[in-house]
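Secondary and tertiary structure notes
Each chain, letter by letter, is given below.
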Amino acid sequence: DVPHSVLPGSEVGTLIVNGGLYLAGLPSTSPQSLIEYSSLATAIARLAPLILGNISSNASDAQLHTLSTHIQNLLVFRQANGSFGDHYNVSSHWATLQSLDILSKAQSFLGIDPDILSQVKEWIRKRQKKDGSISPCPHEATIDNATEMNQKIQTTAETLSTMITIGVESEEDNELVLKARYFLERNIYHVNDGCPLAMMSHALVLSNSELAGLAMERLGNVSTNEEGDFGWPRPPENTDWLYEEGVSQTSKPVLTTSVT
C-alpha cells in the first residue's frame, strides 16, 4: 500500500529479479555480482567448498557467519513441500539431494532445524515407487541419449549414495535405502551405458551390496574399448539429414529446382 503522504506514481523501490526468482531477505549491502544469487546450483556450488574442507571444527566467527549466510541463501530455494528448486512449485530431485547433503553436513557447525531435514527425506520417500526406483522430476535436465531406465537408475543410485553418505537415522531411511539397493541389484544387466553403470556401481559399493563386484566388473567391460583404453562410447547422433541410416552412410542426392 502507498502511504497517504506519498504522491501516487512517484514511488521508487528496488527489486532484484534473477533467474525468474524474487529473492526475499537479501542482505542490505548489494552483492558484487548477481551471480551470487543467480540460481540454486550457484548457491550449492558456493556452499560445497565451505562444507567439504574450508571450515574446520575450530571455525572462526567470520567463517561461521559466512556459512550461515550461504545456508540462508540456499533456504530461499526451499519449496512448500520440503523439496528444493529454482522456481516456485518446480522441484528438482538432484538439487534436493545436494541440498540435503549440505544441510546434513552443516549440522556440525550450525543449528539446522531438524524439521527441514525430515521434510526433505519425506518428500524423497514419497517419490520412491513400489519397486524401489526413483525417476527424475518433470522438466529436470538429464544426460543426453539417456533412456527412461537409465534415468531411473541414475536418480535411484544418486539417492541411495546420498542417503548412505549422510547416514541412515530411522526405519524409514533404512527402508528407502533397502528398496533402492534392491532395485539397482535387479537391473545390473539392464543397463549398458557407462554413466548409469558408474553411478550404480558407486551406490552398490557404498551400500555394501553383495552384487557390487558384479556391477564393477560390468562397468570395467563397458569402460574399455578394443584397444584396452578407457572410454565410454556414445551412440552416434544422426543429426545430418543428408545421410541415410546404415554403415555406409551413403549420401542422399540433393534435390534442386530451377524457376524459369
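These figures come from a predicted structure and were not determined experimentally.

So, about the pattern of salt bridges. Evaluation of the coordinates by the stated rule reveals six salt bridges. Across the salt bridge formed by K121 and E169, the nearest N and O atoms sit 3.1 Å from each other. Of this pair, K121 sits in helix α4 (residues 114–127) while E169 sits in the loop between α5 (148–166) and α6 (171–186); the two residues are 48 residues apart in sequence, bridging distant segments of the chain. Residues E185 and R181 are paired through a salt bridge, measuring 3.9 Å at the closest nitrogen-oxygen approach. Here R181 and E185 lie together in helix α6, a separation of four residues that amounts to about one turn. Each of K121, E122, R125, E169 and D173 takes part in a single network of salt bridges with overlapping partners.

Between the first and last C-alpha of helix α7 (residues 194–206) there are 18 Å, a value that for 13 residues agrees with the 18 Å anticipated at 1.5 Å per step. Buried residues of α7: G194, P196, L197, M200, S201, A203 and L204, and no others. Elements that come into contact with the buried residues of α7 comprise α5, α6 and α8 (212–222). Residue N208 follows α7 closely and has a positive phi angle near 60°.

With that settled, the discussion passes to the nonpolar core. The tendency in soluble globular proteins is for nonpolar side chains to be buried as a group. If you look at the biggest cluster of nonpolar residues, it comprises 46 residues, and the most contacted ones within it are I71, L74, L103, I124, L184 and M200. Every element with two or more residues in this core is listed here: α1 (40–54), α2 (61–75), α3 (93–106), α4, α5, α6, α7 and α8. A domain-level breakdown of this core finds at least three residues from each of domain 1 (34–127) and domain 2 (131–224). Not counting the four nearest positions on each side in its chain, L103 is found in contact with I71, L74, L75, F84, I112, I116 and L117.

With that out of the way, let us pick up the packing of aromatic side chains. Each aromatic ring pair is described using two quantities: the centre-to-centre distance and the angle formed by the ring planes. Taken as a whole, this structure holds zero aromatic pairs when the rule is applied. Over the face of the ring belonging to Y182 we find R186, whose NZ or CZ atom lies 4.5 Å from the ring centre.

What follows covers the environment of S99. For S99, the location among the structural elements is in helix α3. A residue is classified by how much of its surface remains accessible, and S99, at 0% relative accessible area, is buried. Spatially, the C-alpha atoms of S99 and G85 are 9.9 Å apart, while their sequence positions differ by 14 residues. Apart from the residues lying within four places of it in its own chain, the contact partners of S99 are L40, I44, L74 and F84.

Time to look at the confidence of the model for the chain. Counting all residues, the mean pLDDT for the chain is 77, and 67% of those residues have values of 70 or more. Below a pLDDT of 50 lies the segment residues 15–37, which in the model reaches 26 contacts outside its immediate sequence neighbourhood of four places, other chains included. In this model, residues 238–260 is a region of pLDDT below 50 whose contacts with residues beyond four sequence positions or in other chains number 13 contacts.

How each quantity is defined
- Residues numbered from 1 in each chain as written.
- Predicted model: local features only at pLDDT ≥ 70, side-chain atom pairs only at ≥ 80, totals over all residues.
- Heavy atoms only, no water.
- Salt bridge = Lys/Arg side-chain N within 4 Å of Asp/Glu carboxyl O.
- Helix = DSSP H or I, 4+ residues; strand = E, 2+ residues; numbered from the N terminus.
- Expected span 1.5 Å × (residues − 1).
- Buried < 20%, exposed > 50% of the residue type's maximum accessible area, 1.4 Å probe, protein only.
- Contact = heavy atoms within 4.5 Å.
- Core = buried A, V, L, I, M, F, W, Y, C linked by side-chain atoms within 4.5 Å.
- Domains from an automatic or database assignment.
- Phe/Tyr/Trp six-rings, centres within 6.5 Å; stacked < 30°, edge-to-face > 60°.
- Lys NZ or Arg CZ within 6 Å of the ring centre and 35° of its normal.
- pLDDT = per-residue confidence, 0-100.

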